[in-house]
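Structural features, examined
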Amino acid sequence: MVDGKTLMDKLYILPKQFKLHMLRKEYVRAKYCYDTAVSVAVFLELDTTQMQELFGERGERGVTIRNGLFPEESVQKAYFECIRMNKARENSKYAGIPKGFL
């Protein structure tokens, strides 16, 4: 069984992996690290300070007060490159249910 400290340690490894994948231009893997961190952070119901540490802080009107461990510009680049390469499900069209599936 994984304890809370181990989960947090694994969560805080993801930004380092993200940056490494971005340097190698492995955008799909970088996006996966970010998406995993978001999902885990929401599931664990991290407090506001931990969320801001990981993902940054915004003020009124969306002004960035400080970047988190996942720099927003890099996250946007990873998403853009994944969409450009057609490797992101956020940009995929609904295919429907194939005939004979049900």
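Located above this text is the structure these notes cover.
Each chain has its residues counted from 1, running along the sequence as written. pLDDT decides what is reported in this predicted model: residues at 70 or higher carry local features, side-chain atom pairs at 80 or more are listed and counted, and totals for whole chains, interfaces and linings draw on all residues regardless. Side-chain calculation: all heavy atoms of the structure are included, whereas hydrogens and water are not.

Describing the overall build of the chain
The line we're drawing: In DSSP terms, a helix is any run of H or I states spanning at least four residues, a strand is any run of E spanning at least two, and both are numbered starting from the N terminus. Buried residues are those whose accessible area, probed at 1.4 Å on protein chains only, stays under 20% of the maximum for their type, while exposed residues exceed 50% and partly exposed ones sit between those limits. Any two residues having at least one pair of non-hydrogen atoms within 4.5 Å are treated as being in contact. Note on areas: Shrake-Rupley with a 1.4 Å probe; residue coverage comes only from the protein chains shown.
In terms of regular secondary structure, the chain is built from 4 helices and 2 strands. Reading the helices (α) and strands (β) of the chain from amino to carboxyl end gives α-α-α-β-β-α. A buried classification covers 25% of the 102 residues belonging to the chain. Expressed as a percentage of contacts within the chain between residues at least 6 apart in sequence, the contacts between residues at least 24 apart total 52%. As displayed, the chain has an accessible area near 7,900 Å², and 56% of this comes from carbon and sulfur atoms.

Notes on the pattern of salt bridges
For clarity, the cut-off: We define a salt bridge as a side-chain nitrogen of Lys or Arg found within 4 Å of a carboxyl oxygen belonging to Asp or Glu.
Summed over the entire model, instances satisfying the criterion amount to 5 salt bridges. Across the salt bridge formed by Arg66 and Glu57, the nearest N and O atoms sit 3.5 Å from each other. Looking at Arg66, the relative accessible area reads 37%, which means it is partly exposed.

Side note on the packing of aromatic side chains
Two aromatic rings are characterised by how far apart their centres lie and by the angle between their planes. Using the following cut-off: A pair of aromatic rings is counted whenever rings of Phe, Tyr or Trp (Trp by its six-membered ring) have centres within 6.5 Å, and the orientation is called stacked for planes under 30 degrees apart, edge-to-face for over 60 and tilted otherwise.
Enumeration over the complete set of coordinates arrives at 5 aromatic pairs. Judged by centre distance (5.3 Å) and plane angle (80 degrees), the rings of Tyr34 and Phe70 are edge-to-face. Placement of Tyr34 in helix α2 (residues 27-43) and of Phe70 in the loop between β2 (64-66) and α4 (72-84) is noted, with a sequence separation of 36 residues between them. One exposure class covers both Tyr34 and Phe70, and it is buried.

Description of unusual backbone geometry
Look at Lys25: it is not a glycine, yet its phi comes out positive at around 60 degrees. Summarising the element assignment, Lys25 is placed in the loop between α1 (4-23) and α2. The phi torsion at Glu45 lies on the positive side, around 55 degrees, for a residue other than glycine. Topologically, Glu45 is positioned in the loop between α2 and α3 (48-55). Glu45 gets classed as exposed once you look at its relative accessible area, which sits at 68%.

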